[in-house]
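# Coordinates in review
Now for the letters of each chain:
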Amino acid sequence: MSNGSVNSQTILVVGGGIAGVSAAVEAAESGYEVVLLENAPTLGGRVAKLNRYFPKLCHPTCGLEINFQRIKKLKNLKIFTMSSVAQVAGEKGNFTVSVKTTPRYVKANCTACGACAQAAESDVANAFNYNLDTVKAAYLPHEMAFPMRYVIDPSVIGTPEADKIKAACSYDAVDLDEVESTFDINVGAIIWATGWRPYDPAKITPYSYGESPDIITNVEMERLAAHDGPTHGKILRPSNGEAPKKVALIQCAGSRDYNHLPYCSRICCLGSLKHAAYIREQYAESEVDIYYIDIRAHDKLESFHVKLKADPQVSFRKSKPASIEVGDDGGPIVKGEDTITREVYARPYDLVVLATGMEPSNAQDRAPVTIEQDEYGFMVPHQGDKDGMISAGVASGPLDVSMSVQSATAAALKAIQAVSSNA
Amino acid sequence: MNALSPDTKKKYDLNFARWVYENVDGGDRLSMCMQCGVCSGSCPIGDQMDYGPRKLFMMVRAGMKEAVLKANTMFNCVSCYNCVVRCPRSVPVKYILHGLGRLALQEGYAKPKEVDNSRFADAFWWSVSKYGKTDERLVTAKYYFSAGLSEGIKRGMGNMKIAMGMIKTKRMHLGMPHKTKKQGELKAILAKAVEIQNRNHGEG
Ligand SMILES: Cc1cc2nc3c(=O)[nH]c(=O)nc-3n(C[C@H](O)[C@H](O)[C@H](O)COP(=O)(O)OP(=O)(O)OC[C@H]3O[C@@H](n4cnc5c(N)ncnc54)[C@H](O)[C@@H]3O)c2cc1C
Ligand code: SF4
Ligand code: SF4
Ligand code: SF4
Ligand code: SF4
């Protein structure tokens, strides 16, 4: 449909996190042709890396699994993983999008038998676990991966190890000759669901991230608590593998701060309340201190806050810590002023968790397009029917999962309106 | 004098916060303070202050004019800037403290002679405005004696050993004070600075 006078009714969704998957499924179930692009080898985005969801503490895989079942029934939904947008030309009703795909080196007939991983020798950083551990150079991104297909790390390509990996596959699913490729698609509307990334904690210099292994971030905490994480679900001090007795959770680490992210990231208060619950569930003796400016448990989620407040082992300390220092024993010390008692404190902890905020995915990860952005780089959501570009999920602002899904449904509807108004 | 200027007869003044917002350098940002405690928690001399900056700012808002202007907080700040660089709301804490200190002296809540830091600042300024440089020996002497003759002798004697050491290592010299070369230009610069200050803050 390269003829400019013919309008495309295909909807492109960029980003396969919970928002992108929801938008793609909703639009496809309404009968439209949909193409979904995901940078990573699997769908699910950041949600797949969460241990549990607040407030009910259910498992994220459940919500994702339902969506994957829906995907399997949809012939009109095409998914490209390890793929991103290189360029966008054209306008509403007639965009030409060039898609760049990086090689996985494993074909669709992979049965996920795992023989290649056993043949692989070298270890590579495990991105799924925020590099807290390693995987073999031939790996399944995670237990619930969708598609359920292995990946070969590019670092071994061209080495004898790659040949060994290929030889180990009895299904002939390994293709070492795959190369980066680019192809064009013609679409009528684009939904950007490119999500977020955690704010870089190293930028908050007084908090000494990287100077003690026992100062970690909230996203790392999710992996420590997850059964398929680096510690198989046991929350342990990274420095010595022991159970932490005293844990500090530091709110607004980088958010609500003109030196960092000026806005409230909205989910990290609940994220930390959830982390307090993880710790209290695993260790009856443990004490958890939550340092906060004010607790923002939005909407109906205040009840989760109230529930944790009832736990005498969980203390809420109204103070934004001024600094976190590393003590002589290598353990973290949290310093600041308690704004209620006015006490200037310096308290040692076994584990400190920084509740880092969400910033929009790197503009470079995104595509070279002109979509209206707010002053923080989030893409303004309410304009789709006008110019054929719509944003959904955290790409449009800091949202939790249920709000991301709501915004995805809205985005699907706007995309449908955008392509139908051309017909 | 500004119409809203603090009235020394009143202990509390509900206009005080507004007055500070409008008249103290950086005061307009004070309204952005969210009482998070980072400034007080970052302050190396917090335990030598009547109130840390956060609490002092709350008192400004509460109209506790007299207690604020009689506090030693402003005079004990050593301008390390920890609070300024860390404040998540870009409140220029140090500048506001210094502005409040100036106000406290100006309005007679603090007596320059009774404030150690103020006497030191006077001695420092005396040397800089006279010579364009600080002369450690003269600044120290002037500061010590500002507390009275006997106190001056006592402090001077007490620090004799340090002074001798500094002379030996040429950190302090005897003889004529060092001066900047073009004294005339120095005077002109200072006169201009006074003119700008008066323009910004009004006489007095
Ligand atoms: C510590 C923590 C705990 C949390 N816990 C909860 C919780 O318990 N409950 C809850 O409701 N919410 C929670 N959240 C919030 C939740 O993570 C987000 O709401 C959710 O991830 C939003 O999904 P999304 O699809 O918008 O973005 P993402 O999950 O970031 O997905 C975006 C996807 O787009 C892909 N992508 C990005 N750029 C491109 C590109 N150019 N081309 C192709 N693909 C691209 C990415 O690889 C990614 O897969 C938590 C957040 C944090 C930080
Ligand atoms: S690539 Fe081959 S060996 Fe590896 S998991 Fe897939 S089918 Fe098994
Ligand atoms: S949600 Fe809570 S921790 Fe996160 S930025 Fe907002 S107030 Fe801070
Ligand atoms: S650090 Fe800034 S915002 Fe926080 S209490 Fe101090 S002045 Fe207020
Ligand atoms: S500048 Fe003054 S108030 Fe601020 S931290 Fe340093 S000494 Fe304390």
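Basis of the calculations
- Residues numbered from 1 in each chain as written.
- Chains lettered and ligands numbered in written order.
- Predicted model: local features only at pLDDT ≥ 70, side-chain atom pairs only at ≥ 80, totals over all residues.
- Heavy atoms only, no water.
- Helix = DSSP H or I, 4+ residues; strand = E, 2+ residues; numbered from the N terminus.
- Buried < 20%, exposed > 50% of the residue type's maximum accessible area, 1.4 Å probe, protein only.
- Contact = heavy atoms within 4.5 Å.
- Areas by Shrake-Rupley, 256 points an atom, 1.4 Å probe, with all protein chains shown as cover.
- Lys, Arg positive; Asp, Glu negative; His and termini not counted.
- Charge placed at Lys NZ, Arg CZ, Asp CG, Glu CD.
- Axes fitted to C-alpha atoms, helices over the stretch in contact; angles between N-to-C directions.
- Left-handed = near helix turned anticlockwise from the far one by under 90°.
- Nonpolar A, V, L, I, M, F, W, Y, C, P; charged D, E, K, R; others polar.
- Arc of directions from axis to C-beta.
- Near = heavy atom within 4 Å.
- Salt bridge = Lys/Arg side-chain N within 4 Å of Asp/Glu carboxyl O.
- Polar contact = N/O pair within 3.5 Å; in protein donor to acceptor, adjacent residues only side chain to side chain.
- Domains from an automatic or database assignment.
- Pairing = 2+ DSSP bridges.
- pLDDT = per-residue confidence, 0-100.

### Some thoughts on the overall build of chain A
Counting its regular elements, chain A contains 9 helices and 22 strands. Viewed in the frame of its principal axes, chain A has a C-alpha envelope of about 70 × 55 × 35 Å. Within chain A, the fraction of its 423 residues that count as buried is 57%. Sequence separation of 24 or more characterises 68% of the internal contacts of chain A that already satisfy a separation of 6 or more. Working note: accessible area of chain A is about 17700 Å², and carbon and sulfur atoms make up 52% of it. Between the averaged position of the 41 positive side-chain charges in chain A and that of its 50 negative side-chain charges there is a distance of 5 Å.

### Comments concerning the packing of helix H6 (residues 268-282) of chain A against helix H7 (residues 302-309) of chain A
The description of two helices packed together rests on the angle between their axes and the distance between the axes. All names here are of chain A. Two numbers describe how H6 lies on H7: the axes approach to 10 Å, and their chain directions differ by 35°. You can see that H6 and H7 cross each other, and the crossing is left-handed. Contacts between H6 and H7 involve Leu 270, Leu 273, Lys 274, Ala 276 and Ala 277 from the former and Phe 304, His 305 and Leu 308 from the latter. Counted by class, the contact of H6 with H7 contains 6 nonpolar, 1 polar and 1 charged residues.

### Concerning H7(A)
An α-helix turns once per 3.6 residues; consequently, residues spaced three or four apart project the same way. Residues and elements named next belong to chain A. Residues of H7 that are buried include every one of Phe 304, His 305 and Leu 308, and no others. One face of H7 carries all of its buried residues, which in axial projection span an arc of 100°. Away from the buried face of H7 by more than 90 degrees, exposed residues Lys 307 and Lys 309 are located. Contacts from the buried residues of H7 go to H6 and strand S16 (314-318).

### With respect to the site of ligand 3
The full set of residues close to ligand 3 is Gln251(A), Cys252(A), Ser255(A), Arg256(A), Cys264(A), Ser265(A), Arg266(A), Ile267(A), Cys268(A), Cys269(A), Asp294(A) and Arg296(A). Counting only elements with at least two residues in the shell around ligand 3, the list comes to strand S14 (246-253) and H6 of chain A.

### Some remarks on the pattern of salt bridges
All names here are of chain A. Tallied over the full model, the rule gives 27 salt bridges over all chains. Arg 70 is paired through a salt bridge with Glu 26; the nearest N and O atoms lie 3.6 Å apart. With Arg 70 in helix H2 (residues 60-72) and Glu 26 in helix H1 (residues 18-29), this pair connects stretches of sequence that are 44 residues apart. Residue classification places Glu 26 among the partly exposed residues on the basis of a relative accessible area of 26%. For Lys 274, the salt bridge identified is with Glu 222, shortest N-O distance 2.8 Å. Residue Lys 274 is found in helix H6, and its partner Glu 222 is found in helix H5 (residues 218-225); the two are separated by 52 residues along the sequence. Among the charged side chains, a salt-bridge network with shared partners connects Glu 26, Glu 29 and Arg 70.

### A closer look at the side chain of Glu359(A)
All names here are of chain A. With respect to the helices, strands and loops of the structure, Glu 359 is situated in strand S21 (residues 358-360). Using a relative accessible area of 12% as the deciding quantity, one classes Glu 359 as buried. What Glu 359 contacts, discounting residues up to four positions off in sequence, is Trp 196, Arg 197, Pro 198, Tyr 199, Asp 200, Leu 261 and Tyr 263.

### Description of the interface of chain B and chain A
Interface size is often expressed as the accessible area that is lost when the parts come together. Residue-level contacts link 22 residues of chain B with 16 residues of chain A. Between the two partners, chain B and chain A, sit 1 salt bridge. Where Glu337(A) meets Arg54(B), a salt bridge forms, and the shortest distance between an N and an O atom there is 2.6 Å. Here chain B is connected to chain A by 7 residue pairs in polar contact (both at pLDDT 80 or more). Going through the elements one at a time, helix H3 (38-42), helix H4 (53-61) and helix H7 (82-86) of chain B are the ones with two or more residues in the side of chain B that touches chain A.

### Observations concerning the domain arrangement of chain B
The domain boundaries assigned to chain B delineate domain 1 (14-110) and domain 2 (122-201). One C-alpha centre belongs to domain 1 of chain B, the other to domain 2 of chain B; they are set 28 Å apart.

### Regarding the pairing of strand S11 (residues 189-192) of chain A
All names here are of chain A. Residues Ala 189 and Ile 191 of S11 are buried on one face, and the alternating residues Ile 190 and Trp 192, pointing to the opposite face, are buried as well. Relative to S11, strand S1 (residues 11-14) runs parallel, the two being bridged by 4 bridges. Along S11, the bridge assignment pairs Val 13 with Ile 191.

### What about the confidence of the model for chain B?
Per-chain confidence: chain B averages 89 in pLDDT, with 95% of residues scoring 70 or above. Here the predicted complex scores 0.91 on pTM and 0.87 on ipTM.

### Overview of the sheet that holds strand S18 (residues 332-337) of chain A
Residue and element names in this part refer to chain A. Pairing in this open sheet of 3 strands is antiparallel, and the strands run S17-S18-S19 from one edge to the other. Where the open sheet ends on each side, the last strands, each with one partner, are strand S17 (323-326) and strand S19 (344-348). For this sheet, the mean angle separating the axes of adjacent strands, direction not counted, is 20°. In this sheet, S19 lies alongside S18 in antiparallel orientation, the contact comprising 5 bridges. Looking at S19, one finds that Val 334 is bridged to Arg 347.

### A look at the sheet that holds strand S20 (residues 351-356) of chain A
Residue and element names in this part refer to chain A. Taken in spatial order, the 5 strands of this open sheet run S13-S20-S14-S15-S16, and their pairing is parallel. The sheet terminates laterally at strand S13 (215-217) and S16, the two strands that pair on one side only. Strand after strand, the sheet turns through a mean of 25° between neighbouring axes, direction not considered. Bridge count for strand S15 (residues 287-292) against S16 is 5 bridges, and the pairing is parallel. Residue pairing in the sheet places Tyr 292 in a bridge with Lys 318 of S16. The strands touched by H5 are S13 and S20; relative to S13, the strand with the most contacts, the crossing angle is about 90°. Running at roughly 170° to S14, H6 makes contact with S14, S15, S16 and S20 of the sheet.

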